[in-house]
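Overview (structure and organization)
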Amino acid sequence: MNCAEAQELITALIDQELGQAERSSLEEHLSQCSGCRLAFEDESALKQKIREAARRINAPGQLRDRILSDPRIFPEKRRSSRRWQDYLRPMPPLLRPILAFALLLAIALPMFYFSKPRSEPIALAALETYDLFLRGDLPVRRTENTDQIVEELTRAVGGDFHPMGYNLTAMNLRPVAGLVREIDGRKILVAIYQGPGGSLFCYTFLGSAEDAPPNAARFFDTAKKMDFYAFSRGGINAVLHREGRIICILASEMPMEKLLALAQSKAKPS
Amino acid sequence: MRGERKAEGAKRGAVASEAMIHLDHLYRVAVHLAKDPTEAEDLVQETFVRALAAHDQFDPGTNMKAWLTKILHNFFFDHYRQRKRWISTEEIPEPVSDYWEQLPTENPGPENHVLLNELSANITDALKRIPEEFRAPILLIDMGDFSYAEAAEILSCPIGTIRSRLSRGRKLAHQHLAAYVGLKQKGSSTK
């Protein structure tokens with residue numbers, strides 16, 4: 001193979017789109033030609049930079065809201081034509097004070113709620129750990145012993161629940177650390193996986209589907225009959241699902257569809 | 001009859017929910033096609049509208065990301081066909097320096113903010129300078145993780161065309177980015 005032929009194939013080699021024969025032939029040429037090897041390294045680096053830059057671009061929240069509130073996409077439920085007085089009219093007099101009390105509660109509870117300092121959804125707050133860890137600002141005890149991570153994290157919550165522990169060696173990801181975070185009085189167990197392809201965090205805590213961020217996209221898995229909630233924050237994608245009273249969030253910089261597929265493959269219907 | 005309508009509604013809802021998974025990807029493609037972020041948002045929203053109007057054409061279990069991307073591309077070129085689709089490298093526009101500033105970011109992180117924004121701004125500017133025919137394969141393959149076959153299906157062209165345009169597109173991007181991203185060869189040395 002000469003340099004002109006090699007230059008034509010370098011792009012496809014980078015994208016893993018070459019057949020075995022062409023790949024072997026090109027790899028042999030690259031091992032002997034520094035010029036072509038340089039071109040290969042440059043194009044690989046460029047592709048990587050473009051991918052990194054793309055991951056930093058997320059759809060703005062306002063666009064997500066526009067789509068979710070667009071009746072052409074998510075039609076609103078048909079509203080009843082009955083007026084609220086119509087609901088009161090057939091009601092027995094005895095039940096009216098009960099209704100009045102219920103109405104009072106309906107007004108008072110939101111006031112009580114909004115008077116408290118508001119915090120962001122726990123699922124989004126948990127993702128801060130991801131950035132902190134990658135920046136080295138999060139002290140963690142590193143170990144590759146999965147059993148040890150599970151045991152220590154379980155002990156940290158008094159055995160109330162266990163962290164989700166997945167075997168991700170097929171993805172070249174290995175457990176490297178575990179830690180416990182407390183947000184709004186709730187303990188979150190975090191198992192951290194790393195590999196040549198990046199990092200993946202697995203968050204486990206007690207909760208309900210209400211813990212998914214309001215703007216998360218809900219995806220129903222018809223095979224497992226489970227809901228999955230996908231959301232992003234600062235270039236980090238996350239998928240939340242519920243197994244009984246346990247909430248699990250997988251977070252990573254990998255593309256959302258791959259992360260969703262991973263969550264679906266690992267989730268166990270409760 | 002009511003049962004059929006209910007099933008139809010459920011299928012439509014499932015398509016809409018699954019489509020939301022690909023929102024970030026569609027927006028990334030759109031911001032590199034549209035002239036500004038507002039137009040990109042309109043493009044993505046209209047893609048959703050068109051996809052939902054044609055939801056019965058989607059086979060569950062097939063590649064929804066590719067299906068949506070094709071709708072986005074088709075809509076962009078149908079809707080903006082009055083515009084000049086291709087530009088030559090000689091009439092490359094000035095870098096849109098404030099383009100990136102207009103893009104909303106979600107918690108970009110403290111000290112990395114400047115560097116990441118600078119990297120993304122340079123790459124966005126460089127891609128904007130590349131003629132659309134060479135830019136599209138980069139958007140699909142490098143940003144969207146599509147295979148050559150999927151990109152060929154989305155852009156309705158042969159796989160060989162994708163391969164050659166991608167190669168040419170990366171060489172053009174290389175010329176604009178060599179100094180910035182620490183590439184080893186000089187941009188001018190590319191063919």
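A brief look at the structure comes next. (Residues numbered from 1 in each chain as written. Chains lettered and ligands numbered in written order. Predicted model: local features only at pLDDT ≥ 70, side-chain atom pairs only at ≥ 80, totals over all residues. Heavy atoms only, no water.)

A word on the overall build of chain A
Our working rule: Comment: elements are numbered from the N terminus, with helices defined as DSSP H or I runs of at least four residues and strands as E runs of at least two. We call a residue buried when its accessible area falls under 20% of the maximum for its residue type, exposed when it is over 50%, and partly exposed in between, using a 1.4 Å probe and counting protein chains only. Should any heavy atoms of two residues lie within 4.5 Å, those residues are counted as being in contact. Accessible surface area values rest on a Shrake-Rupley calculation with a 1.4 Å probe, where residue burial reflects the displayed protein chains alone.
What chain A contains, in helices and strands, is 10 helices and 8 strands. When the 270 residues of chain A are sorted by exposure, 41% land in the buried category. A sequence separation of at least 24 residues applies to 57% of the contacts in chain A between residues at least 6 apart. About 14,900 Å² of surface is accessible on chain A, with carbon and sulfur atoms providing 54% of the total.

Some remarks on the interface of chain A and chain B
Just so we agree on the cut-off: In this description, buried area is defined as the sum, over both parts, of the accessible area (probe of 1.4 Å) that is lost when the two are combined. For this analysis, a salt bridge means a side-chain nitrogen from Lys or Arg found within 4 Å of a carboxyl oxygen belonging to Asp or Glu. Whenever two N or O atoms come within 3.5 Å, that pair is a polar contact, provided that in protein one can donate a hydrogen and the other can accept it, and provided that, for residues adjacent in sequence, both atoms are side-chain atoms. Each residue gets one label: Ala, Val, Leu, Ile, Met, Phe, Trp, Tyr, Cys and Pro are nonpolar, Asp, Glu, Lys and Arg are charged, and the others, such as Gly, are polar.
At the junction of the two partners, chain A supplies 58 residues and chain B supplies 54 residues. Both sides of the chain A and chain B interface together cover about 5,100 Å² of buried area, and 58% of this is carbon and sulfur. Salt-bridge contacts for B:Asp24 lead to A:Arg64; the nearest nitrogen and oxygen are separated by 3.6 Å. Summed over the shared surface of chain A and chain B, the number is 20 residue pairs in polar contact (both at pLDDT 80 or more). Counting only elements with at least two residues in the side of chain A that touches chain B, the list comes to helix H1 (3-14), helix H3 (34-55), helix H4 (61-68), strand E5 (217-221), strand E6 (226-233) and helix H10 (256-266) of chain A. A per-element tally of the side of chain A that touches chain B places H3(A) first, with 16 residues. Taken together, the residues that form the side of chain A that touches chain B break down as 26 nonpolar, 9 polar and 23 charged.

Considering helix H2 (residues 23-33) of chain B
The element H2(B) is extensively covered by neighbouring structure, given that 11 of its 11 residues are classed as buried. For H2(B), every residue scored as buried is listed here: B:Leu23, B:Asp24, B:His25, B:Leu26, B:Tyr27, B:Arg28, B:Val29, B:Ala30, B:Val31, B:His32 and B:Leu33.

Comments concerning the nonpolar core
The criterion, for reference: Take the buried residues of types Ala, Val, Leu, Ile, Met, Phe, Trp, Tyr and Cys, join any two whose side-chain atoms come within 4.5 Å, and each joined set is a nonpolar core.
Counting 102 residues, the largest nonpolar core has A:Leu200, A:Leu250, B:Val44 and B:Phe48 as the members making the most contacts within it. Of all the elements, helix H4 (residues 64-79) of chain B adds the most residues to this core, at 9 residues. With residues near it in sequence (within four places) discarded, A:Leu250 still touches A:Tyr166, A:Leu200, A:Phe201, A:Cys202, A:Asn237, A:Ala238, A:Val239, A:Leu259, A:Leu262 and A:Ala263. Counting residues in each nonpolar core, the second largest holds 28 residues, with A:Leu179, A:Ile188, A:Tyr203 and A:Leu240 among its members.

Brief notes about the environment of A:Glu52
All names here are of chain A. Turning to its location among the elements, Glu52 is positioned in helix H3. Overall, the relative accessible area of 29% leaves Glu52 in the partly exposed class. The spatial distance from the C-alpha of Glu52 to the C-alpha of Gly235 is 9.3 Å, given a sequence separation of 183 residues.

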